[in-house]
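# Coordinates in review
This is what each chain is made of:
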Amino acid sequence: MFDEFLPFLYFVMTLFFLWFLHKFLYRPSGNKNVPPSPPKLPILGNLHQLSALTHQSLQSLAKKYGPMMLLHFGNKPTLIVSSANAAKEIMKTQDLIFANKPETSVTRRFFYNGKDVSVAPYGEYWRQLKSICVLQLLSNKRVQSFHSIREEETALLVKEVLRLISVTSSPLNLSEMFTLLANDVICRAALGRKCSEEGTGKKFLSLLREFSELVGNVTVGEFIPWLSWIDNVSGFKARVEKVAKELDEFLEEVVQGCLDAGQDLSGKAVKNESTKNFLDILTTIYKDNTTGVSIERDSIKGILLDVFSGGTDTTSTTLEWAMTELLRHPMIMEKLQNEVRGILNGKQNIADNDLEKMHFLKAVIKETLRLHSPVPFLARIASRDIEIMGYDIEAGTMIITNSWAIGRDPASWEEPENFQPERFLNSSIDFRGLDFQLIPFGAGRRGCPGIGFAMATIELALANLAQKFDWNLSNGEKGEDLDMTEYPGITVRRKKPLVAVATQYRF
Ligand code: HEM
């Protein structure tokens, strides 16, 4: 009889021991002024208070505990930042102290132990990689040089809509189309080829999907190290290993292929500057020791992975939410169509200088990014003890800035939950990292270098869809009934794909 109770007794004793350990390890913070915290549990800390849509849970908690609150993810102290002022302290005033990003065993494995730009530790090598991204891969001039890629891929999107509406009256799956567009534009700019059309490329795209899922996964072992054996038993670590190995094989092959093909017999580069893709540029820097910049082979692969992981889902998600909001607000859609059709005056090809004049289009995109910041969290690590807004933050604390919540903060925005692009028409507020109430691309040293590239793709696609088609929801569904449920991940997409009915606009 007693034997039957033994496991239970062990269980209770283990819990008691862990509670005791916890009490011992979490020393009181003395006379330090720590930010407010919700009550936490032993072992779990505040993890039990988070839902799968973590940005929403953290927004709710911040309403109660304030714009700077200290949570514990397992044993990791984590400062949650939910206001523009606090974000400015982290990413502008004290940017240097918070220039490092947190690493996990998964990001270390995928990003070549920090040899890429997005998770590399702050320092001279990272600065070199970032300047390659800003000045060479994603400069305005380079973004312009990809104009024909954007034009051709957007024309294919329009052609596909025309084809589908000529053969079926079923609604179109816009989510799928935006994913294809974003993948094809980035693949061509990065590798000079379209991954969606050939066997190994298709496999690469499916590996990238798995990669996003794995990187976005919060595993028990990351926050409660002594439970990391669960990640082994569940097969998670084996999956990471398999996907990382296969991604590396693909990237290694394209890098070697470029190194083999990139020179003529005299050793000169075959391509001229205006036709170079990211891979050409990175392999040239790798081979050429005369520029004073040298990068490792792993960094070529790491940066390519950064560009794919940072540039594809974010772009397609922005398009998806923009069209969602336009379908929910037919008057705003009409205003956009009037602007685009008026400026183009029957002209079919949309040039960069046409887009420059489309102020309402730009306002629609800004408003989309305010309400639906595709990457809801900006992560940093405090490199030393520091006081922020009167609170003491310890070295090693993880900082999560909730850019999604800041975009909806009533302290910064009137009627924050409403989609009102007009709010940006007579306003200088922009998303380039200077106005902290709108930071979908982050800010400071670690801010996104791909803003120009992303905007060029998004503006052209949206302008074409608004000019060439009229749009409705399927089955007479009303805008206000459209399902807006979000799906968790590194980028926050719609849970259900966006489907809509298009009618060709006759000029
Ligand atoms: C709508 C589209 C996009 C959004 C919303 C977006 C958002 C972001 C965000 C939030 C960060 C982190 C910034 C921070 O922590 O302060 C980031 C970093 C980054 N993004 Fe983007 N991004 C987009 C498009 C792109 C594109 C098209 C590229 C490249 C072609 C790109 C490349 C990168 C890279 C390399 C980083 C890492 C920078 C670093 O750590 O220094 N992104 N992006």
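Residues numbered from 1 in each chain as written. Predicted model: local features only at pLDDT ≥ 70, side-chain atom pairs only at ≥ 80, totals over all residues.

### Here's the deal with the overall build of the protein chain
Rules: Strands here mean DSSP runs of E at least two residues long; helices mean DSSP runs of H or I at least four residues long; both are numbered from the N terminus. In this treatment the radius of gyration is a C-alpha quantity, and the globule benchmark scales as 2.2 Å times the residue count to the 0.38 power. Any residue with 12 or fewer other C-beta atoms within 10 Å of its own C-beta is exposed, any with 20 or more is buried, and the rest are partly exposed; the C-beta atoms used are placed from the backbone.
Across its full length, the protein chain carries 19 helices and 11 strands. Expected size for 507 residues packed as a compact globule is a radius of gyration near 23 Å; at 24 Å, the protein chain falls within 12% of this value. Expressed as a percentage of its 507 residues, the buried residues of the protein chain come to 39%.

### Notes on the packing of helix 12 (residues 236-261) against helix 14 (residues 297-328)
We count it as follows: Orientation is described by axes fitted as lines to C-alpha atoms, over the contacting stretch for helices, and by angles from 0 to 180 degrees between their N-to-C directions. Here the angle decides the label: under 35 degrees means roughly parallel, over 145 means roughly antiparallel, 65 to 115 means roughly perpendicular, and every other value means oblique. Handedness of each helix crossing follows the sense of rotation of the near helix against the far helix: counterclockwise by less than a right angle gives left-handed, clockwise gives right-handed. Remark: residues whose backbone-derived C-beta atoms lie within 7 Å of one another are considered to be in contact. Under this grouping Gly is polar, as are all residues other than the nonpolar Ala, Val, Leu, Ile, Met, Phe, Trp, Tyr, Cys and Pro and the charged Asp, Glu, Lys and Arg.
Axis separation between helix 12 and helix 14 bottoms out at 10 Å; the angle between their running directions is 110°. Considering the angle they form, helix 12 stands roughly perpendicular to helix 14. For the element pair helix 12 and helix 14, the recorded crossing hand is right-handed. Residue-level inspection shows L247, D248, L251, E252 and V255 of helix 12 in contact with helix 14, the latter providing R297, I300, K301, L304 and L305. The residue inventory of the contact of helix 12 with helix 14, partitioned by class, reads 6 nonpolar, no polar and 4 charged.

### Quick notes on the sheet that holds strand 11 (residues 499-504)
The strands that make up a sheet pair up through hydrogen bonds in the backbone, lying either parallel or antiparallel. Rules: Here, strands pair whenever DSSP counts at least two bridges between them.
Read from one edge to the other, the open sheet built from 3 strands follows the order 3-11-8, with strand pairing classed as antiparallel. Taken across any chain shown, the strands that pair with only one partner, and hence form the sheet edges, are strand 3 (172-173) and strand 8 (469-472). Sheet topology note: the strand 8/strand 11 ladder contains 4 bridges and is antiparallel. Its bridge partner being in strand 11, F469 is matched across the sheet by Q504. Helix 7 (residues 147-167) contacts strand 3, strand 8 and strand 11 of the sheet and is inclined by roughly 90° relative to strand 11.

### Focus on the environment of A456
Here A456 shows up in helix 19 (residues 451-468). For A456, a count of 20 C-beta atoms within 10 Å gives the class buried. Along the primary structure A456 and G489 are separated by 33 residues, whereas in three dimensions their C-alpha atoms are 25 Å apart.

### Re the nonpolar core
Let me state the cut-off plainly: Nonpolar cores are built from buried Ala, Val, Leu, Ile, Met, Phe, Trp, Tyr and Cys residues. These are joined into a set through C-beta atoms within 7 Å.
Within the largest apolar cluster, 117 residues are counted, with the highest numbers of intra-cluster contacts made by A190, L304 and L462. Looking at this core, the element that brings in the most residues is helix 14, giving 12 residues. Aside from chain neighbours lying at most four places away, what touches L462 is L319, A322, L361 and I365.

### What about the site of the ligand?
For clarity, the cut-off: Using a C-beta atom placed from the backbone for every residue, we mark a residue as near a molecule or strand if that atom lies within 6 Å of it.
Taken together, 26 residues sit near the ligand, with G310, G311, G442, C448 and G450 positioned nearest. Breaking the shell around the ligand down by element, the ones donating at least two residues are helix 5 (124-137), helix 14 and helix 19. In terms of residue count, helix 14 provides more of the shell around the ligand than any other element does, 7 residues in total. Residues belonging to the shell around the ligand are distributed by class as follows: 14 nonpolar, 9 polar and 3 charged.

### Some words on unusual backbone geometry
Although it is not a glycine, Y112 adopts a positive phi angle of roughly 50°. Its identity as a non-glycine residue notwithstanding, N475 has a phi of 50°, on the positive side. Considering the arrangement of structural elements, one finds N475 in the loop between strand 8 and strand 9 (486-487).

### Focus on the pairing of strand 11
In this structure, strand 3 lies alongside strand 11, joined through 2 bridges in antiparallel fashion. Looking at the pairing, L172 lines up with A500 of strand 11.

### What about the environment of K194?
Along the chain, K194 falls in the loop between helix 8 (174-191) and helix 9 (199-216). Each C-alpha atom of the pair K194 and N183 lies 8.2 Å from the other, and the pair is 11 residues apart in sequence. Contact partners of K194, with chain neighbours within four places excluded, come to D184, C187, R188 and G201.

### Here's the deal with the sheet that holds strand 1 (residues 68-73)
The mixed open sheet is built from 4 strands, whose spatial order is 1-2-7-4. Unpaired on one side and paired on the other, strand 1 and strand 4 (377-381) mark the two borders of the sheet. Sheet twist, expressed as the average angle between the axes of neighbouring strands with direction ignored, equals 25°. Here strand 4 runs beside strand 7 (residues 398-402); their pairing, made up of 5 bridges, is antiparallel. Looking at the pairing, L378 lines up with T401 of strand 7.

### What about the UniProt feature "binding site: heme" (unreviewed entry) in the protein chain?
Rule in force here: UniProt positions are given in the numbering used here, feature names are shortened, and annotations may be inferred rather than shown by experiment.
UniProt records the feature "binding site: heme" (unreviewed entry) for C448 in the present numbering. You can see C448 is positioned in the loop between helix 18 (403-406) and helix 19. Apart from residues no more than four positions distant in its own chain, C448 is found in contact with F441 and G442.

### What to know about helix 7
Worth spelling out the cut-off: Helix span, expected: 1.5 Å multiplied by one less than the number of residues in the helix.
Over its 21 residues, helix 7 runs 31 Å from end to end, which matches the ideal 30 Å to within 8%, given 1.5 Å per residue. Next to the buried residues of helix 7 lie helix 8 and helix 19.

### Comments concerning the environment of G447
Along the chain, G447 turns up in the loop between helix 18 and helix 19. With 15 residues separating them in the primary sequence, G447 and R432 have C-alpha atoms 8.6 Å apart. Sequence-distant contacts of G447, defined by excluding residues within four places in its chain, comprise G433, F441 and G442.

### Some words on helix 12
Here helix 12 is 26 residues long and its end C-alpha atoms lie 38 Å apart, about the 38 Å a rise of 1.5 Å per residue gives. Taken residue by residue, helix 12 has V240, V243, A244, L247, L251, V254 and V255 as its buried positions. Check the buried side of helix 12 and you find it contacts helix 4 (105-110), helix 8, helix 9, helix 13 (278-287) and helix 14.

### Points about the confidence of the model for the protein chain
Threshold: How sure the predictor is of each residue is captured by pLDDT, a score from 0 to 100.
Here the protein chain shows a mean pLDDT of 91. Residues at 70 or above account for 92%. Taken together, the chains of this predicted complex give a pTM of 0.92 and an interface ipTM of 0.99.

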